[in-house]
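Here are the chains, one letter per residue:
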Amino acid sequence: MMSIGLGIFLLVVGAILVWALDITITGVDLQLVGYILLAAGALVTILGIVLMTRRRNSVSTTRTIADPANGEQVTRRENSIDDL
């Protein structure tokens, strides 16, 4: 979740540098820096969303065991969700 917030922050800062500021600094192209931040913010946001959806995988395990004393079969089910 933190990466999504970082991505949005980079998008906002990049947008401000590209479209809101009209400052000239010798040796630094602020519009280029803004476009780089916009691209980085989009990439970080997309990766954050992909990683967030991958964390919600569920695992289901079913085991059948025969009791040696009376031959009865016992089925055990385990369900867990990886919610980091």
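As a reminder, the structure under discussion sits directly above these lines.
Structural notes, computed from the coordinates. Keep in mind that what you see is a predicted model, and the values were worked out from it rather than measured.

1. Section: the overall build of the protein chain
Counting its secondary structure elements, the protein chain contains two helices and two strands. Reading the protein chain from its N terminus to its C terminus gives the helix and strand order α-α-β-β. For the protein chain, the residues scored as buried account for 14% of the 84 residues in total. Contacts in the protein chain between residues far apart in sequence, at least 24 positions, make up 44% of those at least 6 positions apart. Here the protein chain has roughly 6,900 Å² of accessible surface; of this, 63% comes from carbon and sulfur atoms.

2. Considering helix α1 (residues 2–20)
Compared with an ideal rise of 1.5 Å per residue, which puts 19 residues at 27 Å, α1 spans 26 Å between its outermost C-alpha atoms and is within 8% of the ideal. Among all positions in α1, only Ile 4, Gly 7, Leu 10, Gly 14, Leu 17 and Val 18 are buried. What you see down the axis of α1 is that its buried residues fit within an arc of 155°, all on one side. Of the residues in α1, the exposed ones pointing more than 90 degrees away from the buried face are Met 2, Phe 9, Trp 19 and Ala 20. The elements touched by buried residues of α1 are α2 (30–54).

3. Focus on a nonpolar patch on the surface
Taken together, the side chains of Ile 8, Val 12, Ile 16, Leu 21, Ile 23, Ile 25, Val 28 and Val 33 present a nonpolar region at the surface, about 630 Å² in accessible area. For the nonpolar patch, the element with the most residues is α1, which contributes three residues. Along the chain, Ile 23 falls in the loop between α1 and α2.

4. With respect to the environment of Val 33
Looking at the secondary structure, you find Val 33 in helix α2. You can call Val 33 partly exposed: its relative accessible area is 33%. Not counting residues up to four positions away in its chain, the partners in contact with Val 33 are Leu 17 and Val 28.

5. Observations regarding the environment of Leu 21
Topologically, Leu 21 is positioned in the loop between α1 and α2. With a relative accessible area of 38%, Leu 21 lands in the partly exposed category. Note: C-alpha distance between Leu 21 and Gln 31 (10 residues apart in sequence) is 8.8 Å.

6. Re the environment of Ser 3
Turning to its location among the elements, Ser 3 is positioned in helix α1. Ignoring anything within four residues of it in the chain, the contact list for Ser 3 reads Val 44 and Gly 48.

7. Overview of the packing of α1 against α2
Relative orientation of the contacting elements α1 and α2 amounts to 160°, with a least axis distance of 7 Å. Taken together, the axes of α1 and α2 lie roughly antiparallel to each other. In this structure, α1 crosses over α2, and the sense of that crossing is left-handed. Looking at the contact of α1 with α2 residue by residue, the classes come out as 20 nonpolar, eight polar and no charged.

Rules behind the numbers
Residues numbered from 1 in each chain as written. Predicted model: local features only at pLDDT ≥ 70, side-chain atom pairs only at ≥ 80, totals over all residues. Heavy atoms only, no water. Helix = DSSP H or I, 4+ residues; strand = E, 2+ residues; numbered from the N terminus. Buried < 20%, exposed > 50% of the residue type's maximum accessible area, 1.4 Å probe, protein only. Contact = heavy atoms within 4.5 Å. Areas by Shrake-Rupley, 256 points an atom, 1.4 Å probe, with all protein chains shown as cover. Expected span 1.5 Å × (residues − 1). Arc of directions from axis to C-beta. Patch = residues over 30% accessible without salt bridge, like charges linked within 9 Å, V, L, I, M, F, W, Y side chains within 5 Å. Salt bridge = Lys/Arg side-chain N within 4 Å of Asp/Glu carboxyl O. Axes fitted to C-alpha atoms, helices over the stretch in contact; angles between N-to-C directions. Parallel < 35°, antiparallel > 145°, perpendicular 65-115°, else oblique. Left-handed = near helix turned anticlockwise from the far one by under 90°. Nonpolar A, V, L, I, M, F, W, Y, C, P; charged D, E, K, R; others polar.

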